[in-house]
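This is what each chain is made of:
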Amino acid sequence: MIPLKDAQEYVLQHCRVGHSELRSSRSSLGLVLAEEVLTSEDVPPFDNTAMDGFAVRSEDTLEAPQQLEIVGTIPAGSAPDFSINPGQAARIMTGAPLPEGADAVVMVELTQVEGDQVTVQKTVPEGNHIRRAGEDLESGQVVFEKGTKLTPTHLGVLASIGCLEVSVFSPIKVGVMSTGDELVEGKVPLEPGQIRDSNRHSLLALLNDLGLEGIDLGLIPDNEESIETAIRSACFGEGSCDAVISSGGVSMGDFDYVKVVLDRLGEMQWMQVAIKPAKPLAFGLVGDTPVFGLPGNPVSSIVSFELFVLPALKKMMGEPEIWAPKIRAIADSSLSRRPDGKTHFARVKAYIGDGSYRVKSAGGQGSHQLSAMADANALAVIPDGDGINEGELVEIIFLHQLTRRLNGS
Ligand code: AMP
Ligand code: MG
């Protein structure tokens, strides 16, 4: 068996950062900048008012209350063509530019209007309620560094500087196949010995959840020829994939041909990783394409995805932060295990209680018990030994897919 860290390193070393492209900003949510973004405009572009009220000369308010003559109205979107002379004021709306001569704004709540006169109740300092040009961003400055992952707010900022296109790492296309003669799909009755394919569905959904394009490569029977044809066409065929994930056929069974085929087609490592679940992993490059041979047990395939595939795909997409953070949580009940030389990844429900992260088991821990895993939102990392006692601290990794369910319900 090899340590988890070594297996993860091997995989990462063989996955390269992908291509970049110019892309419309509005379709770049979740992608990572391949170049820094500069602004050629100030934001805000001009001095403007943060309040509805009156634009004044601050020195005119020194003796407040003070009556001033109203000489105009400035709505947002207009450019005033008059100036404010001593003793004068102008109605002004939030976002409108300051007129010449005015150096402060008095909020409307502190004024009283009678005809063309306004009484200002309070003395205001120069600059009062004025948002200066460039206070958010200054022309010429770097707005976002290379490696920034674009969130909805980043897209808002790009819009605010008129940046309609950005250079980002291209989204990648990832093919997913299930292998196994026992697997069936769709609304068919199960014949003796058959089970329904679930891995392809969870793996494709995991990719969707990451904002990637998952390509369904179908159900492949347990024979070398079918597996080879499927992998070849995914790696070299028309519209080929940037990475391929298969599940099943990488263990010690007589019909585990995925590793045999990968060995023939590419530079492949077949690993027994010191973890439970998800001990077997086949990984290799077929041509330039990383191919992940995940174990078939449904829980194992998802754990293997989280530990090996996810960091690799993040690297390929240019993400600077590829590892899930480890957080310490209190075990609500014991998470028991026996010493076996492996690190165990228990499926747990994590929640926040009394201001701390806490965890409880999500149910059956067999690698075939997918429904228990569906209830989990984190993996508890249980080092080799006798497990974690109730009340002790345990390291957890949130499952990428399920961080939403934090309330433990
Ligand atoms: P394997 O890794 O091919 O030896 O499969 C290990 C276990 O996982 C066996 O019980 C398989 O029937 C099961 N299995 C393999 N592939 C899938 C799949 N796509 N969906 C559900 N179970 C599977
Ligand atoms: Mg199999």
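Procedures and definitions
Residues numbered from 1 in each chain as written. Chains lettered and ligands numbered in written order. Predicted model: local features only at pLDDT ≥ 70, side-chain atom pairs only at ≥ 80, totals over all residues. Heavy atoms only, no water. Phe/Tyr/Trp six-rings, centres within 6.5 Å; stacked < 30°, edge-to-face > 60°. Helix = DSSP H or I, 4+ residues; strand = E, 2+ residues; numbered from the N terminus. Buried < 20%, exposed > 50% of the residue type's maximum accessible area, 1.4 Å probe, protein only. pLDDT = per-residue confidence, 0-100. Contact = heavy atoms within 4.5 Å. Near = heavy atom within 4 Å. Polar contact = N/O pair within 3.5 Å; in protein donor to acceptor, adjacent residues only side chain to side chain. Areas by Shrake-Rupley, 256 points an atom, 1.4 Å probe, with all protein chains shown as cover. Domains from an automatic or database assignment. Expected span 1.5 Å × (residues − 1). Arc of directions from axis to C-beta. Axes fitted to C-alpha atoms, helices over the stretch in contact; angles between N-to-C directions. Left-handed = near helix turned anticlockwise from the far one by under 90°. Nonpolar A, V, L, I, M, F, W, Y, C, P; charged D, E, K, R; others polar. Pairing = 2+ DSSP bridges. Disulfide = S-S within 2.5 Å. Core = buried A, V, L, I, M, F, W, Y, C linked by side-chain atoms within 4.5 Å.

### Digging into the packing of aromatic side chains
This structure, assessed with the given rule, holds 4 aromatic pairs. With a centroid separation of 5.6 Å and 65 degrees between ring planes, the pair formed by Tyr357 and Phe398 is classed as edge-to-face. Here Tyr357, found in strand 25 (residues 356-361), pairs with Phe398, found in strand 28 (residues 393-398); they are 41 residues apart in sequence, far enough to count as distant. You can call Tyr357 partly exposed: its relative accessible area is 26%. Residue class for Phe398 comes out buried when judged on its relative accessible area of 13%.

### Quick look at the confidence of the model for the protein
Considering every residue of the protein, the mean pLDDT works out to 95; 98% of them sit at 70 or more. This model gives residues 403-409 a pLDDT under 50, and the stretch forms 18 contacts once residues within four places in sequence are excluded.

### A few points about the site of ligand 1
Glu182, Asp197, Ser198, Gly249 and Gly296 are the nearest of the 17 residues found near ligand 1. A distance of 2.9 Å separates an oxygen atom of ligand 1 from a polar atom in the backbone of Gly296. Within the complex, the protein chains bury 78% of what would otherwise be the 480 Å² of accessible surface of ligand 1. For the shell around ligand 1, the secondary-structure elements that each account for two or more residues are strand 13 (173-179) and strand 15 (195-196).

### Re the domain arrangement of the protein
Domain parsing of the protein yields domain 1 (4-18 + 172-316), domain 2 (21-43 + 135-169), domain 3 (48-131) and domain 4 (326-406). Computed over C-alpha atoms only, the centres of domain 2 and domain 4 are separated by 38 Å.

### Some remarks on helix 1 (residues 4-13)
Inspection of helix 1 places Leu4, Ala7, Gln8, Tyr10, Val11 and Leu12 among the buried residues, and these make up the whole buried set. Close packing links the buried residues of helix 1 with strand 18 (267-272), strand 19 (275-276), strand 20 (280-286), strand 21 (289-294), helix 6 (298-316) and strand 24 (343-353).

### Description of helix 4 (residues 224-236)
Between its first and last C-alpha atoms helix 4 spans 17 Å; for 13 residues at 1.5 Å apiece the expected length is 18 Å, and the two agree. For helix 4, the set of buried residues is Ile227, Glu228, Ala230, Ile231, Ala234 and Cys235. Projection of helix 4 onto a plane perpendicular to its axis shows the buried side chains occupying an angular sector of 165 degrees, all on one side. If you follow the buried residues of helix 4, they end up packed against strand 13, strand 16 (213-220), strand 17 (243-247), helix 5 (258-265), strand 20 and strand 21.

### A few points about the packing of helix 1 against helix 6
At a minimum axis distance of 9 Å, the contact between helix 1 and helix 6 shows a crossing angle of 35 degrees. Handedness of the helix 1/helix 6 crossing: right-handed. Here Leu4, Ala7, Gln8, Val11 and Leu12 of helix 1 lie close against helix 6, whose contacting residues are Leu307, Phe308, Pro311, Ala312 and Lys315. Within the contact of helix 1 with helix 6, the residues separate by chemical class into 8 nonpolar, 1 polar and 1 charged.

### Some remarks on the sheet that holds strand 9 (residues 117-120)
Reading across the sheet, the 6 strands line up as 7-4-6-5-9-8 and stay open at both edges, with mixed pairing between neighbours. Every interior strand has two partners, whereas the edge strands, strand 7 (104-107) and strand 8 (111-114), have only one. When strand polarity is set aside, the average angle formed by the axes of neighbouring strands in this sheet is 40 degrees.

### Some words on the state of the cysteines
The full count for this structure, using the stated rule, is 0 disulfides. Cysteine Cys241 is unpaired, with the sulfur of Cys235 as its nearest cysteine sulfur at 7.3 Å. Accessibility expressed as a relative area gives 6% for Cys241, which makes it buried.

### Section: the nonpolar core
In terms of nonpolar packing, the biggest core is built from 59 residues, with Val11, Ile245, Phe292, Phe305, Phe308, Leu313 and Phe345 touching the most fellow members. Ranked by the residues each element gives to this core, the list is headed by helix 6, at 11 residues. Filtering out sequence-adjacent residues up to four positions away, Phe292 remains in contact with Val11, Cys15, Val244, Ile245, Ser246, Ala282, Phe283, Phe308, Val309 and Ala312. If you look at the next biggest cluster of nonpolar residues, it comprises 18 residues, including Ile220, Ile227, Leu265 and Met268.

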